[in-house]
Amino acid sequence: MSYQEKKNIVSPLSAIVVFGVYSWNVVLRYIDMNPQGMELFRFWGAAILILIPVSMVARLLIEIIFIIINRIVTKEVAPSFADELDKIIELKAMRISYFVFILGFLLAMGSLVFQMALSSMFIIMFVSGFIADVAGISWRLYLYRKGV
Amino acid sequence: MAKSHISNNIRILRFNHNEMTQQQLADLVGVTRQTVVAIEKGKYSPSLELAFRIARVFKLQVEDVFTYEEEHEELQAGS
């Protein structure tokens, strides 16, 4: 198994762990605060905004740990650059990711049309961001294994 | 994934060039080993520029390294 394939197996796992832990904290804070009205907007706005840097830092740390462990076990050096195959796969994966997120966005808008609770719209957006991320990484792994 | 119509003999050429490794070829043409593996297995058709660079390593023309197979040729071979 190549370095890129191994990395793309670790990435969704780290995404699931980071998103799972963060979501659990958000749920606990939501139950604790029980925000209403404008406070609800502020709560979800903060939850989504904070997720971005938290997720970036946590996943960066997990990737560094993976690089170190992989280096020790296999003595394989991580590629220092992305070549044309990496770039093509990255673009195709990004397209899938955007497509999934747009579907989530439309679902979130649909929840407003069907007069569901306001939190539903934010939860759908929140989860669709995560699913889009995992879909993109999974597609990347598929392309590395099956070819472009 | 659709099977590529471009085949190559990079594996044989590497073997004939002092058993050059995939990593050595990758370093010479400026790609990762994963890309060389994908090209050899026919999972990825390289860009024209990369095809030329690979051919230059073996001091050959692009046509000597890569072969384009027309779809009807495959059908004839299959019948």
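What counts and how
Residues numbered from 1 in each chain as written. Chains lettered and ligands numbered in written order. Predicted model: local features only at pLDDT ≥ 70, side-chain atom pairs only at ≥ 80, totals over all residues. Heavy atoms only, no water. Helix = DSSP H or I, 4+ residues; strand = E, 2+ residues; numbered from the N terminus. Buried < 20%, exposed > 50% of the residue type's maximum accessible area, 1.4 Å probe, protein only. Contact = heavy atoms within 4.5 Å. Lys, Arg positive; Asp, Glu negative; His and termini not counted. Charge placed at Lys NZ, Arg CZ, Asp CG, Glu CD. Areas by Shrake-Rupley, 256 points an atom, 1.4 Å probe, with all protein chains shown as cover. Arc of directions from axis to C-beta. Buried area = accessible area lost by both parts, 1.4 Å probe. Salt bridge = Lys/Arg side-chain N within 4 Å of Asp/Glu carboxyl O. Nonpolar A, V, L, I, M, F, W, Y, C, P; charged D, E, K, R; others polar. UniProt positions renumbered as here; feature names shortened; annotations may be inferred. Core = buried A, V, L, I, M, F, W, Y, C linked by side-chain atoms within 4.5 Å. Phe/Tyr/Trp six-rings, centres within 6.5 Å; stacked < 30°, edge-to-face > 60°.

1. Regarding the overall build of chain A
Now for step 1: Along chain A, the regular secondary structure elements total 4 helices and 0 strands.
Now for step 2: On the principal axes, the C-alpha backbone points of chain A span a range of 55 × 30 × 20 Å.
Now for step 3: With 148 residues in all, chain A has 35% of them scored as buried.
Now for step 4: Within chain A, contacts between residues at least 6 apart in sequence are counted, and of these 78% link residues at least 24 apart.
Now for step 5: Here chain A carries 13 positive and 10 negative side-chain charges, and the mean point of each set is 3 Å from the other.

2. A word on the overall build of chain B
Now for step 1: A tally of helices and strands in chain B yields 6 helices and 2 strands.
Now for step 2: Long-range pairs, those at least 24 residues apart, make up 58% of the contacts in chain B with a sequence separation of at least 6.
Now for step 3: Total accessible area computed for chain B in this model is approximately 5,100 Å², and 51% of it derives from carbon and sulfur atoms.

3. Describing helix H2 (residues 22-29) of chain B
Residue and element names in this part refer to chain B.
Now for step 1: Among the residues of H2, Gln22, Leu25, Ala26 and Val29 are the ones counted as buried. Down the axis of H2, the sector holding all buried residues measures 100 degrees, keeping them to one side. Exposed and facing more than 90 degrees away from the buried side of H2 are Asp27 and Leu28.
Now for step 2: Looking at the buried residues of H2, the elements they touch are helix H1 (10-16), helix H3 (33-40) and helix H4 (48-57).
Now for step 3: After H2 finishes, the residue Gly30 shows a positive phi value of roughly 80 degrees.

4. Concerning the interface of chain B and chain A
Now for step 1: The interface is formed by 12 residues belonging to chain B together with 17 residues belonging to chain A.
Now for step 2: Summed over both partners, the interface of chain B with chain A buries about 1,200 Å², with 53% contributed by carbon and sulfur atoms.
Now for step 3: If you look at where chain B meets chain A, you find 0 salt bridges.
Now for step 4: Sort the elements by how many residues they give to the side of chain B that touches chain A and H3(B) lands first, with 3 residues.
Now for step 5: When its residues are assigned to classes, the side of chain B that touches chain A shows 6 nonpolar, 5 polar and 1 charged.

5. Looking at the UniProt feature "domain: HTH cro/C1-type" (unreviewed entry) in chain B
Now for step 1: Per the UniProt record, "domain: HTH cro/C1-type" (unreviewed entry) is annotated on residues 20-65 of chain B.
Now for step 2: Annotated as 65% helix and 0% strand, the span residues 20-65 of chain B places its first and last C-alpha atoms 15 Å apart.

6. Remarks on unusual backbone geometry
For residues besides glycine, phi is generally negative; the peptide bonds are generally trans as well.
Now for step 1: The phi angle at Glu19(B) is positive, at roughly 50 degrees, despite the residue not being glycine.
Now for step 2: Mapped onto the fold, Glu19(B) is located in the loop between H1 and H2.

7. What to know about the nonpolar core
Residue and element names in this part refer to chain B.
Now for step 1: Of all hydrophobic cores here, the largest spans 24 residues; its most connected members are Ile10, Leu25, Ile54, Phe58 and Phe66.
Now for step 2: If one sorts the elements of this core by residue count, H4 sits on top with 5 residues.
Now for step 3: In contact with Ile10, other than residues within four places in its own chain, are Leu25, Ile39, Glu40, Ile54, Phe58, Val65 and Phe66.

8. Considerations on the packing of aromatic side chains
Residue and element names in this part refer to chain A.
Now for step 1: Across all of its chains, the model carries 11 aromatic pairs over all chains by this definition.
Now for step 2: For the ring pair Tyr3 and Phe66, a centre distance of 5.6 Å and an interplane angle of 35 degrees mean the geometry is tilted. Taken as a pair, Tyr3 in helix H1 (residues 3-33) and Phe66 in helix H2 (residues 38-74) lie far apart in primary sequence, 63 residues in all. The exposure classification of Tyr3 matches that of Phe66, with both residues buried.
Now for step 3: Aromatic side chains Phe19 and Phe126 sit 5.2 Å apart centroid to centroid with 40 degrees between the ring planes, which places their arrangement in the tilted category. Of this pair, Phe19 sits in helix H1 while Phe126 sits in helix H4 (residues 118-146), placing them 107 residues apart in sequence.
Now for step 4: The exposure class of Phe19 is buried, given its relative accessible area of 13%.

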